[in-house]
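Coordinate analysis (summary)
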Amino acid sequence: MNPSPMIDSTSLVLLLAFSVSVLGLFVFIWSMSNGFFNTKESGSHIIFEKDEIGLVEDPATSQSSHELQDAAGKTDASLSAAELDDRLIADKSSAIPAFVCLLASVCWLIIGSAAAIVSSIKLHNPDWLVDSAWMTFGRLRTIHLNSIIYGWASMAGIGVSLWLIPRLLKTPLVGAKFVYWGAMIWHVALMCGVTAIGLGYTDGMEWLEMPWEIDIFIVIGGALMGLPLFLTLMNRKVDHLYVSVWYIGAALIWFPILFFVANIPHLYFGVQGAAMNWWYGHNALGLWFTPIGLGAAYYFIPKVLGRPIYSYNLSLLGFWCLAFFYSQVGGHHLIGGPLPTWMVTLSIVQSVMMIIPVFAVAVNHHMTVGGNFKAVLHSPTLRFIVLGSMLYVAASIQGSLEALRSVNVITHFTHYTVAHAHLGMYGFFTMVMFGSIYFIMPRIVGWEWPHPWMISAHFWLVSVGFAIYFIGLTIGGWLQGLAMLDASKPFIDSVTVTLPYLKARSVGGSFMVLGHIIFVVHFFLISLRYGSKKEPALLIPKVNIPFIKDAKVAAKELKRG
Amino acid sequence: MAGHIDEKKLVIGALVIIAVSSLALVIMPYVQLKHIEAPAALKPYTDVQAKGRQVYMSLGCVYCHSQQPRDPKFAPADEKRGWGRASTAADYAYDQVHLLGTMRTGPDLLNIGARQPSQDWHLGHLYQPRAYMPGSIMPAFPFLFIERKGAAKPGDVVVNLPPDYKKPGITIVATTDAVNLVEYLKSLDRTYPIKKTIAESLTTDKPAAAAK
Ligand code: HEM
Ligand code: HEM
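Scope of this entry: the structure provided in the associated data block.

What counts, and at which threshold
- Residues numbered from 1 in each chain as written.
- Chains lettered and ligands numbered in written order.
- Predicted model: local features only at pLDDT ≥ 70, side-chain atom pairs only at ≥ 80, totals over all residues.
- Heavy atoms only, no water.
- Near = heavy atom within 4 Å.
- Polar contact = N/O pair within 3.5 Å; in protein donor to acceptor, adjacent residues only side chain to side chain.
- Helix = DSSP H or I, 4+ residues; strand = E, 2+ residues; numbered from the N terminus.
- Contact = heavy atoms within 4.5 Å.
- Phe/Tyr/Trp six-rings, centres within 6.5 Å; stacked < 30°, edge-to-face > 60°.
- Buried < 20%, exposed > 50% of the residue type's maximum accessible area, 1.4 Å probe, protein only.
- Lys NZ or Arg CZ within 6 Å of the ring centre and 35° of its normal.
- Axes fitted to C-alpha atoms, helices over the stretch in contact; angles between N-to-C directions.
- Parallel < 35°, antiparallel > 145°, perpendicular 65-115°, else oblique.
- Nonpolar A, V, L, I, M, F, W, Y, C, P; charged D, E, K, R; others polar.
- Donors = N, O, S within 2.8 Å, 3.2 Å for Na, K, Ca; no water.

What follows is about the site of ligand 2. Taken together, 24 residues lie around ligand 2, and Trp207(A), Tyr326(A), Asn408(A), His412(A) and His420(A) are the ones closest in. More than a single chain frames ligand 2: its nearby residues are located in chains A and B. Within the side chain of Asn408(A), an N or O atom sits 3.1 Å from an oxygen atom of ligand 2. Of all elements in the fold, only α8 (270-305), α13 (380-402) and α15 (415-445) of chain A reach the threshold of two or more residues within the shell around ligand 2.

Let's shift gears to the side chain of Asp108(B). All names here are of chain B. With respect to the helices and strands, the residue Asp108 is situated in the loop between α3 (77-80) and α4 (112-115). Among the polar contacts made by the side chain of Asp108, one reaches the side chain of Arg104 at a distance of 3.3 Å. Within the structure, the side chain of Asp108 is placed 3.0 Å from the backbone nitrogen of Leu110, a separation counted as a polar contact. Setting aside chain neighbours within four positions, we find Asp108 in contact with Ser66, Gln67, Gln68, Pro69, Trp83 and Arg115.

Moving on to the site of ligand 1. Near ligand 1 lie 22 residues; those nearest to it are Arg141(A), His144(A), Ile148(A), His422(A) and Tyr426(A). Each of chains A and B places residues next to ligand 1. One of the side-chain N or O atoms of Arg141(A) is found 2.5 Å from an oxygen atom in ligand 1. At 2.7 Å from a nitrogen atom of ligand 1 is found a side-chain nitrogen or oxygen belonging to His422(A). Going through the elements one at a time, α3 (81-124), α4 (137-169), α15 and α18 (499-527) of chain A are the ones with two or more residues in the shell around ligand 1.

Across all of its chains, the model carries 44 aromatic pairs over all chains by this definition. Ring centres of Tyr56(B) and Tyr184(B) lie 5.4 Å apart, and the angle between their planes is 70°; on these two criteria the pair is classed as edge-to-face. Of this pair, Tyr56(B) sits in helix α2 (residues 47-58) while Tyr184(B) sits in helix α6 (residues 176-187), and the two are 128 residues apart along the sequence. Neither Tyr56(B) nor Tyr184(B) differs from the other in exposure class; each is buried. The residue whose ring lies beneath Lys177(A) is Phe178(A), and the NZ or CZ to ring-centre distance is 5.4 Å.

All names here are of chain B. The contact between α2 and α6 brings their axes to 7 Å, and the two run at 100°. Looking at the two axes, α2 sits roughly perpendicular to α6. For the pair formed by α2 and α6, the contact residues are Val48, Gln49, Lys51, Gly52, Arg53, Val55 and Tyr56 on the first element and Asp177, Asn180, Leu181, Glu183, Tyr184, Leu185 and Ser187 on the second. Residue classes in the contact of α2 with α6 are distributed as six nonpolar, four polar and four charged.

Further remarks concern the coordination of the iron atom of ligand 2. Counting protein donors around the iron atom of ligand 2 gives one, His420(A) (NE2), at 2.1 Å. Residue position: His420(A) is located in helix α15.

The structure is reproduced here in structure tokens:
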């Protein structure tokens, strides 16, 4: 059989488009990198003060910071009082704006988790809570998604970013009042949006359900919260922008644009609307959550360990590759659908190309932590963030495979995708946010986490719960997909086969929700400065870790003794 | 700070990225698909059907039901299950907001109107899916119905449940929302033959029909 000429020309066009895009990428990276890579590796030192490298920092670990320092290697590194001052001023300037966002985010986490667990149970108990429309699965699930995505994840991301920026730029945050206004507008809008969904007003597209009239305010709120980043950038005191600034800065530019374009009403139609829908959907993941999560990981992993990132240039290369490839993968949500083939194929190709930037992150994080895995035991921050960044790699590799037609034909319409979605948004992003919050909160309120056991309980509950969730749905989804592809079996078989796994998800999910409750209670306790403050300044933990010059002497003694 | 070179790179770079992305996934599909003509056999939604579609959106049926049977060459089971031929862009010409869906907790519904044209069945199934399909995990939607003691009034749309699920002395009456939703479901029928490629569906229907 001769291949039809039609197919030939399609693949030719595709090949051409692909070569042009890769060529374009190289030109782009080259032009961006003029004077970019000759920072040598010293760019990675920008997050440390002069003699600080080697010094661990984890405000969440007062009792065991001693062990943490031991695990990371002994040091006589130090931080002078003047250097410390810079950082204190930066921290102080961002404390309240970051706190406002984080406080809001944990409230949404509880709302979203409640909606999550009820939705999950409804999937195996379909006659439970069916009497009112707002509690039907289709609405609660949407409330879960929107409160988790726009309430918890976005707010936590913005809070962490606002806190990091002044530190990274060694410049006090400029324009805090924009944050207060922005956060307020965003929240009122989000509350209206979630209520609207409960009442049945929806724009109908996944990830874009909130009515567009309300979305206008989300855009305004988001832009206001992003503004201080740029104001602070214009006043920055550092010469070099650390890699986290690239990730976070770009994310804050991308998100308002994406959200605005995606919500323009009455412009999109039919399947073109679907293309736009997933252009937005995946860019929200790839150009919003992923860069913020990675930006935080790129700061906290080296910072907690007191060692610069393994390869700084690799991290920058990874940034532009991620931006380029990740922004074109939206079509992989529509494989097999009625869309132009070239578009879907382009997205599959770029999904596979994502292996490059993911590899850059994997190598970098692994090599930075490598040999220091013991430190993970002693630092709550690191425990969450290292787990998160490992799961980032896992989610991405899984994603690249899932985008292949041969795998996607099985997994596309099944719970397998939901498992992957949580591996990314929970295993990676949420874990990184938990870790970051454990680091940041003691700095913001000048108080220690009152109960270390609550941190451990939180960690184990969500980790074990999530393992059950993910493994269960991955198996269940795969079996569902196989059953659905086998036309000799009635459809209902593909439903029955998932039941044990859906129940497992409810069990795992309950653990996670319990973990969230403990976390949020703990969050409120530290905010209220509950318990006895263990030492006057968190910056000088009990065991005399040499955070300031005077303590250096003590540290030397410690080392000798 | 040397004219803030890095900031410029960051902002310009970010804008280029998002421009390329929008070009590939939003603008090019827009240009390509804008002129697609609706197939002659596909009718625009009537008022009632459009209202029903709104109910479908508002209750989130899309999170469990797709509307996009795949190509038999790719996933043969879709057609074999009676979900219909592979759909093409033209089939959605009247769908202002798409409802393609990404989940099949339940079956594909693009051709449910052809597969199950009975209003009675649909109403009963919405009231209690397990009355028709034991083991179903589709939620029941009792709030779309009114339980009335005694006989039906004139004008009531009565739901006839299978005998096991009938409650003595109680009449189940469908609300307007339920009736509209079912009208929409019954309208889902893309079983007419279709031109295969996008290029072909860009040419208008009329001359093509005349040529036959
Ligand atoms: C607390 C435990 C959680 C449980 C029990 C849970 C449960 C669920 C359920 C039942 C769904 C609907 C799946 C379906 O339509 O079939 C869902 C969807 C989703 N959840 Fe969660 N969730 C939890 C936490 C989270 C968190 C913390 C995040 C993200 C930060 C998240 C992100 C998502 C996303 C993105 C979807 C959409 C998935 C898709 O459409 O493929 N969830 N979740
Ligand atoms: C190389 C990286 C990745 C690739 C190639 C990839 C690929 C995919 C594919 C193909 C799907 C669609 C599955 C389907 O509908 O058939 C998907 C869904 C999803 N992915 Fe990824 N993924 C990657 C990384 C991530 C990361 C890091 C996150 C989280 C931040 C994530 C979050 C999600 C979510 C939430 C969905 C579900 C969307 C929905 O249906 O609502 N993915 N991914």
